[in-house]
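Residue-level structure breakdown
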Amino acid sequence: MEAKGMKPENVAEALIYSAKRSLPGLSGGSTAARMTPGISISAASESEQRVFLEEIVDLLPMNKGVISTRFLLRLLRTAMILRASPSCRENLERRTGAQVEEAALEDLLIPSLGPSVETLYDVDCVQRILVHFMQLNQSAVTSSAIVDEGQSITSSSSPTPMAMVARLVDVYLAEVAADVNLKLHKFLSLASAVSDYARPLDDGIYRAIDVYLKSHPWLTESEREQICQLINCQKLSLEACTHAAQNERLPLRLVVQVLFFEQLHLRSSIAGWLFVSDRVENSQAPHANLALQKSSNVAIQADISEEQENDDHHVDVDDMRSQVLELEKECLSMKQEIGKLGKPRSSWNIFSRKCGFGVKSQSVAGGK
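Residues numbered from 1 in each chain as written. Predicted model: local features only at pLDDT ≥ 70, side-chain atom pairs only at ≥ 80, totals over all residues. Heavy atoms only, no water.

**A closer look at the overall build of the chain**
Along the backbone of the chain there are 15 helices and zero strands. Residues classed as buried in the chain amount to 33% of the 368 residues present. Look at the contacts in the chain between residues 6 or more apart in sequence, and 73% of them connect residues 24 or more apart. Per element, the accessible surface of the chain, about 22900 Å² overall, is 55% carbon and sulfur. (Helix = DSSP H or I, 4+ residues; strand = E, 2+ residues; numbered from the N terminus. Buried < 20%, exposed > 50% of the residue type's maximum accessible area, 1.4 Å probe, protein only. Contact = heavy atoms within 4.5 Å. Areas by Shrake-Rupley, 256 points an atom, 1.4 Å probe, with all protein chains shown as cover.)

See below:
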């Protein structure tokens, strides 16, 4: 099929389908119980399945990504249960190491097999997978170390495979650290498998170390200091620093360093908050001044309109007063003309009361 030009994805899909049908435990379900450690498998069945598994692994395409990392780890777990050849297991470990950044924690929790195994999970297998990964990504580690020791290689928006593997290793360490049979040198070897430059923060490795110290209270002071050398206090978050400053399981020297960098975190946080608040105030000041200027302009316009209304009102009152005075003058002139005609005063009084001039004149005179 490959010689005739079939795509590697299609070849891999066909092999995966065949493996799931022939090897119990790969497809899940009730058949998975037949592949769990401690349950016996008939010699013929185990031998046939081992041969079939080795053939499937040899036929898998070498292209990266055509087979999921989860399925590769399932094949590796099945190969350990069936006691496949070392070359078969090494092949699967190398394939998994090439794309281990796509793995999940549950995929790496491979149970330890054999009577002489002390730990619950096969830490050595994960160690070998990480060694293959680091060999393939050694150039990335070298370039990141040359750039700056204090910078993270995950400065871009998306995390790099190295950073993803470092995060996965920290989570895996926190899970296996609770095993009381996990030796200190194995923990140190697994934690050191990934370069320190790959960790943007050391909160994950600090949590794993704290779990290990809690599960191994018999460690000496020198052993505690040795394992705590994996922690870079400059790369701890403020929350991790606060927790570590109150952690009685840590050596005194590390606690002092944590307290120092905690103060630096607090100072930088306060400085950043003040800088942001100053920028907000400066950005709001022009708007506030503009609003104040607008409100003052509106108030001035209101005062001007009110003054204009008052002036108009005064003008109207003055016009009415001038008109009343003119009427009074006309009435007075008419009275004088009538008096010259020699009419009696009583008639004028009657005429004035009927016309109402006398009342107006009196009221106006009284107003004067």
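**Focus on the confidence of the model for the chain**
Low pLDDT means the predicted coordinates in that region are not meant to be read closely. In this model, the chain carries a mean pLDDT of 76, and residues with pLDDT of at least 70 account for 63%. Of all secondary-structure elements in the chain, the lowest mean pLDDT belongs to helix H15 (residues 357-367), at 44, while helix H10 (residues 203-215) reaches the highest, 95. Here residues 146-156 scores under 50 on pLDDT; set against residues more than four positions off or in separate chains, the count is 13 contacts. Contacts from residues 343-368, a stretch scored under 50 in pLDDT, to residues over four places away or in other chains number eleven contacts. (pLDDT = per-residue confidence, 0-100.)

**With respect to the nonpolar core**
The tendency in soluble globular proteins is for nonpolar side chains to be buried side by side. Judged by nonpolar contacts, the single largest core of 76 residues is most densely connected at Phe187, Ile209 and Ile227. Filtering out sequence-adjacent residues up to four positions away, isoleucine 227 remains in contact with Leu184, Phe187, Leu188, Ile209, Tyr212 and Leu213. (Core = buried A, V, L, I, M, F, W, Y, C linked by side-chain atoms within 4.5 Å.)

**Focus on the side chain of histidine 216**
Take histidine 216: it is sitting in the loop between H10 and helix H11 (221-228). Judged by relative accessible area, which is 2%, histidine 216 ranks as buried. In terms of polar contacts, histidine 216 uses its side chain to reach the backbone carbonyl oxygen of leucine 182, at 3.4 Å. A distance of 2.8 Å separates the side chain of histidine 216 from the backbone oxygen of tyrosine 212, its partner in a polar contact. Once residues lying within four places of it in the same chain are set aside, the contact partners of histidine 216 are Ala177, Asp179, Val180, Leu182 and Arg224. (Polar contact = N/O pair within 3.5 Å; in protein donor to acceptor, adjacent residues only side chain to side chain.)

**A closer look at the pattern of salt bridges**
The final tally for this structure, using the stated rule, is eleven salt bridges. A salt bridge links aspartate 170 to arginine 199, with the nearest nitrogen and oxygen atoms 3.0 Å apart. Of the two residues, aspartate 170 sits in helix H8 (residues 161-176) while arginine 199 sits in the loop between helix H9 (184-191) and H10, which places them 29 residues apart along the sequence. Note on accessibility: aspartate 170 and arginine 199 belong to one class, buried. (Salt bridge = Lys/Arg side-chain N within 4 Å of Asp/Glu carboxyl O.)

**Some thoughts on unusual backbone geometry**
With a phi angle near 60°, arginine 83 is a residue other than glycine that sits in the positive phi range. Mapping arginine 83 onto the fold places it in the loop between helix H3 (69-81) and helix H4 (86-98). The exposed category is assigned to arginine 83, whose relative accessible area is 59%.

**A few points about the packing of helix H6 (residues 123-136) against H8**
Packing of H6 against H8 leaves a shortest axis separation of 12 Å and a crossing angle of 165°. Classed by the angle they form, the pair H6 and H8 counts as roughly antiparallel. Crossing handedness for the pair H6 and H8: left-handed. Where H6 abuts H8, its residues Val123, Val126, Leu130, Phe133 and Met134 lie against Pro161, Met162, Val165, Val169 and Tyr172. In terms of residue class, the contact of H6 with H8 is built from ten nonpolar, no polar and no charged. (Axes fitted to C-alpha atoms, helices over the stretch in contact; angles between N-to-C directions. Parallel < 35°, antiparallel > 145°, perpendicular 65-115°, else oblique. Left-handed = near helix turned anticlockwise from the far one by under 90°. Nonpolar A, V, L, I, M, F, W, Y, C, P; charged D, E, K, R; others polar.)

**Considerations on helix H12 (residues 238-245)**
Every α-helix carries 3.6 residues per turn, so stepping three or four residues along brings you back to the same face. Along H12, the residues that are buried comprise Ala240, Cys241 and Ala244. Buried residues of H12, seen end-on, are gathered within an arc of 100° and therefore sit on one face of the element. (Arc of directions from axis to C-beta.)

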